[in-house]
Every structure is written in structure tokens, then in C-alpha cells.
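Listed here are the chains, written in short residue letters.
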Amino acid sequence: GALWNNNPENPGKWPLVKADNPVGQWNTFKIKMVGSRVWVSLNDKPTVDGQVLDNYFDRAAPIVARGPIELQTHNSEMRFRNVFVREIKDGK
């Protein structure tokens, strides 16, 4: 529920609270991004509050306006369901 690939000094790298459900239970994310700022809630608990997302590939450059959405795992079984994406006009 955080921006783990951010620079260590960026407050968004670390979640505001630990909100993970136990292994074997589903987790629910809500992610909103406006420009380079990101809000994340995990299981209805805010974990990132309007922090800047760092550009992973070029730390000196801003993030790109459009690109792929990637779902990630770390060498273990991971399942996704009910993934919805929509563009929010004018940040609303």
C-alpha cells in the first residue's frame, strides 16, 4: 500500500499504516493519481496521501503522463480480481 520504488526520502515510499489482510484473505486497493501525486487506500485505510510518485527509470525526470499499468508479485502466488481503471477528467 505504498510507493516502494520511490526514493527513501519521499514520504510516499512508506505506508502511513500497515493495512494488509492476513495471507489467504483478499485485499482491496483504491488508487487515485492526479499528475504525479498519488493517493492509496488499502482495505479502506489511507496508506499514501497525495505523495509524489518518483520516476523509477530516470530519477531526474518527471513521470510520464500515460503508460502501462503493471500488477506485480514477488515470487509467490498472487491473484487479482475486479480490476477497474478509469480516467478522471480534471483530477475530480
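Owing to the predicted nature of the structure, the values given are computational and were not obtained by experimental measurement.

What counts as what
Residues numbered from 1 in each chain as written. Predicted model: local features only at pLDDT ≥ 70, side-chain atom pairs only at ≥ 80, totals over all residues. Heavy atoms only, no water. Core = buried A, V, L, I, M, F, W, Y, C linked by side-chain atoms within 4.5 Å. Buried < 20%, exposed > 50% of the residue type's maximum accessible area, 1.4 Å probe, protein only. Contact = heavy atoms within 4.5 Å. Salt bridge = Lys/Arg side-chain N within 4 Å of Asp/Glu carboxyl O.

**Q** I'd like to hear about the nonpolar core, residue by residue, with values.
**A** Residues Ala2, Leu3, Val38, Val40 and Val48 constitute the largest nonpolar core, which totals five residues. Each residue touching Val38, except ones within four places of it in the same chain, is listed here: Leu3, Ile31, Lys32, Met33, Val48, Asp49, Gly50, Gln51 and Leu53.

**Q** Can you tell me about the pattern of salt bridges, naming the residues and giving the values?
**A** Evaluated as defined, the whole model comprises four salt bridges. Across the salt bridge formed by Glu77 and Arg79, the nearest N and O atoms sit 2.6 Å from each other. Among the residues examined, Glu77 registers a relative accessible area of 61% and is labelled exposed. With relative accessibility at 59%, the residue Arg79 sits in the exposed group.

Just distances and angles here, no functional claims.
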